[in-house]
Amino acid sequence: MKPMPREPLPRHLPASPVAWLERLLEASSPAAVAAVVVDMVRVAPLCRAAVVLWWLPGQAQPECRPAARLDEAEMALVQRALDSELPQLDPALSLLACRLCRPGAAVLLVQLDGGAVGAPPDRQLPMPLLQLAGRQLQRTLELTDLQHSHDQLERSETLQRALLSISDLSGSDLEMPDMLLGIHGIVSTLMYAENFFIVRYDAARASLRFLYYADTQDDAGPGPEEMPAARWHGTLTWHLLTGGRPLMGTAEEIHALLGDAYRLVGPESLDWLGVPMLRDGAACGALVVQTYEHGIRYTAEDRALLQFVGSHILTALERKQGKDDLERHVRERTLELAELNRGLQQEVAERQRAERLQAALFQIAQLATADIDQQTFYQQVHTIVGSLINAKNFFIALVDERGETLTFPYAVDVTGETYEDRPLSRGLSEYVLEHGAFVVDREGMAEMIARGEIDAYSTGTPSICWLGVPLWDGDRAIGLVAVQSYTEQITYGVAEQELLGFVASQIATSLQRRRVADALQHAYAQLELRVHERTRALRKEISERERIQQQLRHQVMHDPLTGLPNRDHLRDRIERSLALVRDTHGARCALLYIDVDRFKVINDSLGHLAGDAVLKEVAHRLQGCVREPDVVARLSGDEFAILLDRVDCPDTATTVANRVLQALGQPLPVAGRELQPSASLGIALGDRRYGQADDLLRDADIALYRAKELGRKRYALFDDTLAKNLVDELSMEGELRLALQRDEFQPYLQPICRLETGELVGYEALLRWHHPERGVLLPGAFLKVAEDCGQIELIDWQLFERACAAVTRLPERASFLTFNVSALHLRHRDFDQRLLAMIARTGLAPSRVIVEVTEGSLLDDPERVRGTLERLRQAGVGAALDDFGTGYSSLNYLHSLPLRMLKIDQTFVQALDAGSTNSSTVVEAILALAHALEIQVIAEGIETSRQRALLRDMACELGQGFLLGRPHPLEHWLGEPA
């Protein structure tokens, strides 16, 4: 409350306390009491302005008289006054606050003159009068609270009556229009609802329908028919239904809320209120009230009331609609049931007739296969037909095979008339055969005779009614079945004709089946005789075929040269032995895999005939080493196998193996020569671990190759070590591929120094594998596997490029880099081009690169290697001969190859410590020869000071070894942390 100048006092203010009291007593509302208090305080000499604040029950914000906006500091002072019995003074704001009443929550806030801040409250304000005013204000607040509660009760009662009325309407017998009119009247008791409409909305069908519409300005309005919701797009009704939220306000307020999305339909109202009727959060319809009169406005309380009532109206509408739908459905269903009952009765009759017919047809079908004679068959057919229609006079007529005579195999007639076979003529039976089934009475027969369609003498005894149906075999009539009546009481119609037609089709089928059955019976007798004769011939053929099959099976399962079982036969026997091993605890078998040593030499030297003779003798000797049920088999070429069906321990298998070695080691005369054959054996013991024969063959083969590696003419027993080695090699192959992808191969650089001064002049790049689990591995741990699986060249090229790139980062004092090039690389004619391209990529000068080759790599094609090294020399890349002295030590290589360096093998260097004269002589000779050819010499493997001193005295210029420096990665030589 900002400071303000003192206002002049109103002229009507009373001049005495009595007058103030009279005004207080006349004040009947909190606002009136507050006005009296403000006027009373403003006459105080030290007061500049005053405000009275009070809180009504349920209100968060206070009412003010006169109206004022208080800041946070002023409201804080007011709150202190409410919590204290004493007036509260804020000297900084020149404000005084005192509580007028409590309960009741009323406070007087006074702005004082600056000089009156320190004066006591009783001098500043008329405290006795304020106390009386507080009590009066308390009474008016209580009265206001009672009036508010009374109004709430009245509204609740009105709302309760409205809801009960709506519920009563939904359960009444009123038609829907009358019920909707009643709902309009109920809403009118709650708020102004002279203009009111109810709309239902179907979101699934995107349609709406105005159930009820009352408007003082729009007499026509929308019709009650269902219409697309899109027709009302943009209207207030459309926004209400699609938004699912209430809309309320004047035309200007709604237009400001919806903007251009608002489209006016019909007269524009002064105030509009609409609420959606929701079911599970989705709009199912809406209630709308509107006014065209000034002074009528809808409030938030009206909106909440209409929303609350709307849910009950929706329930009432749904109940009424459901009731109407149910009544309509009951009426429709009653009509449907009556119609259905009539249909069911007819269907029952038809079904009973069909069941009788079906039973009759089934019985006739059974007769077709029954073991009865023909006459009994006809009699039973007559009985079955008689159960369906009147058939006291019944006959079956058949046309003979030539189609000339009509025979009557069965006939029953109450007149005693006999039915003799006769030629086809122009009687009723012939008419049926030609034109199909028909019914005729006595008059009809007379007319047919008169028209000349039948002859009079062919009709037999005249009947009152006659029915005949042909018996069809495909599209040919083979006869007919007929019934006739001689009394007026028995007649036939369409139903009987249809019934006899069904029976006739089954009779025809049964007749054909019996004819076929008779023919088949005769044919079966003939066939049985022929089968008996053919069986004797087949038995003879089968015996011969079994003999041939056994011979073929033996040929398929045995080797044609030696007569021994072949690989397929052996696999089958191994499978059976392993099955027995798995089923018998502790049982084992053994497989001996045998290879004749150097058989290819025998075959190539003496010819294939001699080789076949050797194989036959080997097979004969192997058969002499075993007994039943053991099996000797030839697998392929010079490979044989022995399956020991049951062994107690490994010694049993090794005993047989020694027996085989001894038997095959005996002299063997072939082609005029005496050979001394031998064999290598692999043994695998079959136990419950083996699931298939191929597994046992594989392990025996592995053991065989182990025996060959050990020097042949021996046996080797398969164990877990051999299996582990194979698995390790396979695992290492995969790890090598991953290592190439992950760049795990790194060059380690070993320094090459001058022996005189120790000066570093170069490096040799050595291969190391940084294995993620086993650490740093030397080449010996993986080189053989890499060579076997063909990955060594990729590894070498990765080493070459990484080493060259590493040297470019080292100081120039290391003038050259050497690395080993294997014979595999030198076999490629483009090796020099590829190497030079790689060096160029790394940025290293070609003159700083020296490739090391061994004498073994020169043996394949010396001229090609010499050309490759010469092209490299012309490009600046040098060559060094590695491990000189351990191979052929050919002097021809020294003067014919373009060599820059020669490396003395470490075996000669290490022998110097032992004082070997021969080693010293060899080293001195190598040095003298190299100096004469102007080739630099590097001594490898220097590990002691004595070796270094001796080599230096022999004028060896360069050396490398652990004494001069161990191999380390690039980071070591750069002084960086690894």
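The structure we're discussing is the one just above.
Below is a short write-up of the structure. (Residues numbered from 1 in each chain as written. Predicted model: local features only at pLDDT ≥ 70, side-chain atom pairs only at ≥ 80, totals over all residues. Heavy atoms only, no water.)

1. Focus: the pattern of salt bridges
Step number 1: A complete count under the given rule lists 35 salt bridges for this structure.
Step number 2: With a shortest N-O distance of 3.7 Å, Asp 597 and Arg 712 are connected by a salt bridge. Highlighted residues: Asp 597 in the loop between β18 (589-596) and α15 (599-606) and Arg 712 in the loop between α18 (693-709) and β24 (715-717), separated in sequence by 115 residues.
Step number 3: Here the residues in one salt-bridge network are Glu 764, Glu 852, Lys 903 and Glu 940, joined through shared partners. (Salt bridge = Lys/Arg side-chain N within 4 Å of Asp/Glu carboxyl O. Helix = DSSP H or I, 4+ residues; strand = E, 2+ residues; numbered from the N terminus.)

2. Concerning the environment of Leu 361
Step number 1: Tracing the backbone through its elements, the reader meets Leu 361 in helix α9 (residues 300-367).
Step number 2: Here Leu 361 falls in the buried class, since its relative accessible area comes to 14%.
Step number 3: Residues Leu 361 and Thr 237 lie 124 residues apart in sequence; the distance between their C-alpha atoms is 71 Å.
Step number 4: If we skip the residues at most four places from it in the chain, Leu 361 touches Phe 502, Val 503 and Gln 506. (Buried < 20%, exposed > 50% of the residue type's maximum accessible area, 1.4 Å probe, protein only. Contact = heavy atoms within 4.5 Å.)

3. Some thoughts on the pairing of strand β29 (residues 849-854)
Within a regular beta strand, the side chains point alternately toward one face of the sheet and then the other, so they alternate between its two faces.
Step number 1: Counting buried positions along β29 yields 5 of 6 residues, so the element is predominantly enclosed.
Step number 2: Of the pairings in the sheet, the one linking strand β28 (residues 816-820) to β29 comprises 4 bridges and is parallel in character. Bridge assignment links Phe 819 to a residue of β29, and that residue is Val 851.
Step number 3: Sheet topology note: the β29/strand β30 (residues 878-884) ladder contains 5 bridges and is parallel. Within β30, the residue paired with Val 851 across the bridge is Ala 879. (Pairing = 2+ DSSP bridges.)

4. Some words on the side chain of Asp 638
Step number 1: Relative to the helices and strands, Asp 638 resides in the loop between β19 (631-636) and β20 (639-644).
Step number 2: Once you skip the residues sitting within four places of it in the chain, Asp 638 turns out to touch Ile 594, Asp 595, Val 596, Phe 599 and Leu 615.

5. Details of the sheet that holds strand β2 (residues 63-65)
Step number 1: Spatial ordering of the open sheet is given by β2-β1-β5-β4-β3, a layout of 5 strands whose pairing is antiparallel. Pairing within the sheet leaves two strands with one partner each, and these edge strands are β2 and β3 (88-90). Ignoring strand direction, the axes of neighbouring strands in this sheet form an average angle of 20°.
Step number 2: Running over the sheet, helix α2 (residues 30-42) touches β1 (47-54), β2 and β5 (106-112) and is turned about 160° from β1.
Step number 3: The strands touched by helix α3 (residues 72-82) within the sheet are β1, β3, β4 (95-101) and β5, with β4 carrying the most contacts at an inclination of about 40°. (Axes fitted to C-alpha atoms, helices over the stretch in contact; angles between N-to-C directions.)

It is worth stressing that arrangement in space is one thing and function is another; only the former is reported here.
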